[in-house]
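Each chain, written out:
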Amino acid sequence: MTQLLTESLASTAQGVNILWTLVAAALVFFMQAGFAMVETGFTRAKNAGNIIMKNLMDFACGTPVFWCVGFGIMFGGGGALIGGLDLFTGAAAAADQYDYTTLMFQTVFCATAATIVSGAMAERTRFRAYLLYSVAISALVYPVSGHWIWGGGWLSGLGFHDFAGSTAVHMVGGVASLVGAKMLGARIGKYGRDGKSRAIPGHSLTLGALGVFILWFCWFGFNGGSTTAMLTDTGGGVLGHAAALLASKVFVTTNLAAAVAAVAAMAVTWIKYKRPDVSMTLNGALAGLVAITAGCDVVNPWAAAVVGLAAGAFIVPSIEWIDKVLKTDDPVGAIGVHGVCGALGTVLTGLLISDADLAALNAGRLREGAAALSRAGFLGVQVLGVAAVALWVGAAMTVIFFLIKKTVGLRVAAEAEVLGLDMAEHGLASSYADFLASPEALEPAPRAPGTKDESAPVPVEQAIPVVHRKHPMPYTEIKFTKVDIVTKPQQLEPLKVAMNEVGITGMTVTNVMGFGMQKGNQAYYRGVEMDVNFLPKIKLEIVVCKVPVQTVIETAKTVLYTGRIGDGKIFVYDVENVVKVRTGEEGYDALQDVE
């Protein structure tokens, strides 16, 4: 009876653990959506469809490749440097059904490492070249270094600790991003002839922010799910909850690091640029998440806050250094966020690991016959692991990108880059089709049976009666003047009221963007001062003949004047004639609404 109960509890624990791991895997998969939104928002609209396709296809291509060869190289036994060749994970699956869970969980981790590169190489990479890269990193690059860390390789034997992948996943993607972006070259117009970096703003910070929120949410699965357990069979008919407690700790440390990093990045940009920078703050949150991933299970909450503070403070200068000193064009900050902060977080784990957790790690090493590590020794192993993985990924990706460049080509033609990769690579006019005028959009909506078609032309004799009045002076002898007023949007309402009071009977208002001699307010985008900053304005157009032009001008000046830069400008033009389409009236009569 006791044996049956023990077996039942063990089976229950395994079922709960499998369920928890698969739910976490689903969350990690949804990180693809987060990366897609961040990369799309931080780049230009003409490349949005291409970004989405790359984030879709690196997962779609990487999944079968990792299943076929990558998983075996990573977890198929073998030696200290590389695992075995387990084609289609046949041997692993035959050994234990639980390995299907491991396969799924590791597949989404592999896809995360692969998709990081998409943002750094955005807006100028050939689509076919990116597909080949996705296959290569999923089949070989990620599995080899993953074997060293998680598959029983030489780094794990030394005691290297990377709980959920600051180095194994994120730094791998970050280093690959650095190599790819450097070999690819900068986007057209990114650097001037003097070598000075120029800002190329992304088209939607809203999408970028949505992506960061998605990633933050999914990171609880990324880090928390790396426990791969919620219940532990302690023997004797008792199920332990140590794994569940560890998962809750991981949730706390993960969230703390992200929050503190976002605040730190905001503070740095506020001090440096005189305003809190939105995109850098978003990068700061991601930097904290990446940095805490290595040690989220072995640091206390205060130490997690320190990791977040370091990552958030470091991400701003690191992105600027990569852009301005290395002259490496990374539109989304992937190299800094994943490469730099992945390495930083792994090293900080060696500094900030709690005494209790270091003792627990050493107890496990002693059980395996390995020597215990001092705090300095553990730190040294962490630094060695970061350096070794960076060297491997850098060398491997250099060869891979070189071969791709020499065969199918790495970069699109200049004409395709200027046109946009949506059209050049996918034949897509725009990823935002509803914002384009199309013949279908201009067609009248179908009307219900038995109703009158209000859009059809009406014969003149059936039109609204019009009394044609002949003005004593022909239009050629009457002066018509067009007045355009460009000013701040918040001035529209008082300006509209004032114009109505002086007798203006018709106005046209347009939302516009512009700048004057000051080239807009001083602004920064991702640490780069913008040459020109377009500011939102409204343009009010009026044509007058009855109301004196000077009255319109003086009224506008009175309403708009504050004495500060940006009050607006008034443009005055001569108008040859005015024609009212419905009645055919011209000149003075066309401007009158009384019929």
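Structure's up top.
For clarity, every value in this text was computed on a predicted model and none was experimentally measured.

(A) The arrangement of the overall build of the protein chain in detail. From N to C terminus, the protein chain includes 19 helices and eight strands. Every one of the 595 residues in the protein chain was classed for burial, and the buried ones make up 47%. Partitioning the intrachain contacts of the protein chain with sequence separation of at least 6 by distance along the chain shows that 78% fall at a separation of at least 24. A total accessible area of about 28,000 Å² is found for the protein chain, and carbon and sulfur atoms account for 66% of it.

(B) Representation of the packing of aromatic side chains in the model. Taken as a whole and assessed by the stated rule, the structure comprises 14 aromatic pairs. Where Phe66 meets Phe71, the ring centres are 6.0 Å apart and the plane angle is 85 degrees; that geometry is what we call edge-to-face. In terms of burial, Phe66 and Phe71 fall into one category: buried. Within the aromatic cluster, the residues linked to one another by ring pairs are Phe105, Phe109, Trp150, Trp219 and Phe222. Over the aromatic face of Tyr130 sits the side chain of Lys54, whose NZ or CZ is 5.1 Å from the ring centroid. Taking NZ or CZ as reference, Lys190 lies 5.9 Å from the ring centre of Tyr191, over its face.

(C) Molecular detail of the packing of helix α5 (residues 127-150) against helix α7 (residues 166-184). Two elements in contact, α5 and α7, have axes separated by 10 Å at closest approach and are oriented at 135 degrees. With respect to each other, α5 and α7 are oriented oblique. Here α5 runs over α7; the crossing is right-handed. Residues Ile137, Tyr142, Ser145, Ile149 and Trp150 of α5 form the contact with α7, whose own contacting residues are Thr167, Ala168, Val169, Val172 and Ala176. Of the residues contributing to the contact of α5 with α7, the split by class is eight nonpolar, two polar and no charged.

(D) Structural context of unusual backbone geometry. Phi is positive for Glu123, which is not a glycine, with a value near 75 degrees. Within the fold, Glu123 resides in the loop between α4 (98-120) and α5. Given a relative accessible area of 0%, Glu123 falls into the buried group.

What counts, and where the lines are drawn
Residues numbered from 1 in each chain as written. Predicted model: local features only at pLDDT ≥ 70, side-chain atom pairs only at ≥ 80, totals over all residues. Heavy atoms only, no water. Helix = DSSP H or I, 4+ residues; strand = E, 2+ residues; numbered from the N terminus. Buried < 20%, exposed > 50% of the residue type's maximum accessible area, 1.4 Å probe, protein only. Contact = heavy atoms within 4.5 Å. Areas by Shrake-Rupley, 256 points an atom, 1.4 Å probe, with all protein chains shown as cover. Phe/Tyr/Trp six-rings, centres within 6.5 Å; stacked < 30°, edge-to-face > 60°. Lys NZ or Arg CZ within 6 Å of the ring centre and 35° of its normal. Axes fitted to C-alpha atoms, helices over the stretch in contact; angles between N-to-C directions. Parallel < 35°, antiparallel > 145°, perpendicular 65-115°, else oblique. Left-handed = near helix turned anticlockwise from the far one by under 90°. Nonpolar A, V, L, I, M, F, W, Y, C, P; charged D, E, K, R; others polar.

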